[in-house]
Amino acid sequence: MMATKITVLSNGSLRVEGTDFELVDAQGTPYGLGGRERISICRCGLSKNKPFCDGSHKGHFEHNAEAFDLPAPKV
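All of these numbers come straight from a predicted model, not from anything done at the bench.

Engineer: What is the right way to look at the sheet that holds strand S2 (residues 14–17) in this model?
Structural biologist: Whenever strands of a sheet pair, they do so through backbone hydrogen bonds, lying parallel or antiparallel. Pairing in this open sheet of 3 strands is antiparallel, and the strands run S1-S2-S3 from one edge to the other. Edge positions in the open sheet fall to strand S1 (5–8) and strand S3 (38–41), since each of these has one partner strand only. Between one strand and the next, the sheet's axes are offset by a mean angle of 20 degrees, whatever the strand orientation. Sheet topology places S1 next to S2; 4 bridges connect them, and they run antiparallel. Bridge pairing links Thr 7 to Arg 15 in S2.

Quick look at the structure:
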């Protein structure tokens, strides 16, 4: 089984890949993913198919995806 991997794409979506992941709405109801092992989640807010990316961000959303370390949580 492939571990779930989420990739932040520069100027684009969040790509979710894996063989065992579930996407649920605010009420906990799962989205029907049709057996897909890769989906893209909108992060620009322009998709007409939210929460999924439909490519609407092209030319309208800029973010250079570079990893960084978050500070430790405050206790």
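Engineer: Would you take a moment to explain the nonpolar core for this structure?
Structural biologist: A general tendency of soluble globular proteins is for nonpolar side chains to be buried together. Counting residues in hydrophobic clusters, the biggest one holds 7 residues: Val 16, Phe 21, Leu 23, Leu 33, Ile 39, Ile 41 and Phe 52. Once residues within four sequence positions are removed from consideration, Leu 33 is found in contact with Phe 21, Leu 23, Ile 39 and Phe 52.

Engineer: What is the right way to read the side chain of Ser 13 from this model?
Structural biologist: With respect to the helices and strands, the residue Ser 13 is situated in the loop between S1 and S2. Judged by its relative accessible area of 5%, Ser 13 falls in the buried class. Among all residues touching Ser 13, those that are not within four sequence positions of it are Thr 7, Val 8, Ser 40, Ile 41, Arg 43 and Cys 53.

Engineer: Explain the UniProt feature "domain: Iron-binding zinc finger CDGSH type" (unreviewed entry) in the protein here, please?
Structural biologist: The positions UniProt marks with the feature "domain: Iron-binding zinc finger CDGSH type" (unreviewed entry) are residues 14–63. In residues 14–63, the share of helix is 0% and the share of strand is 16%. The end C-alpha atoms are 12 Å apart.

Engineer: In this structure, what is going on with the side chain of Ser 47? I would like to understand it.
Structural biologist: Within the secondary structure, Ser 47 sits in the segment after S3. One polar contact links the side chain of Ser 47 to the main-chain carbonyl oxygen of Phe 52, over a distance of 2.6 Å. Apart from residues no more than four positions distant in its own chain, Ser 47 is found in contact with Cys 42, Phe 52, Cys 53, Asp 54 and Ser 56.

Engineer: Would you mind showing me how to read the packing of aromatic side chains here?
Structural biologist: In this description, a pair of aromatic rings is defined by centroid distance and the angle of the planes. Scanning the entire structure with this criterion turns up 1 aromatic pair. The interplanar angle of 85 degrees and the centroid separation of 5.5 Å between the aromatic rings of Tyr 31 and Phe 52 together place this pair among those described as edge-to-face. Of this pair, Tyr 31 sits in the loop between S2 and S3 while Phe 52 sits in the segment after S3; the two residues are 21 residues apart in sequence, bridging distant segments of the chain. Its relative accessible area of 19% is what places Phe 52 among the buried residues.

The rules behind these values
Residues numbered from 1 in each chain as written. Predicted model: local features only at pLDDT ≥ 70, side-chain atom pairs only at ≥ 80, totals over all residues. Heavy atoms only, no water. Pairing = 2+ DSSP bridges. Helix = DSSP H or I, 4+ residues; strand = E, 2+ residues; numbered from the N terminus. Axes fitted to C-alpha atoms, helices over the stretch in contact; angles between N-to-C directions. Core = buried A, V, L, I, M, F, W, Y, C linked by side-chain atoms within 4.5 Å. Buried < 20%, exposed > 50% of the residue type's maximum accessible area, 1.4 Å probe, protein only. Contact = heavy atoms within 4.5 Å. UniProt positions renumbered as here; feature names shortened; annotations may be inferred. Polar contact = N/O pair within 3.5 Å; in protein donor to acceptor, adjacent residues only side chain to side chain. Phe/Tyr/Trp six-rings, centres within 6.5 Å; stacked < 30°, edge-to-face > 60°.

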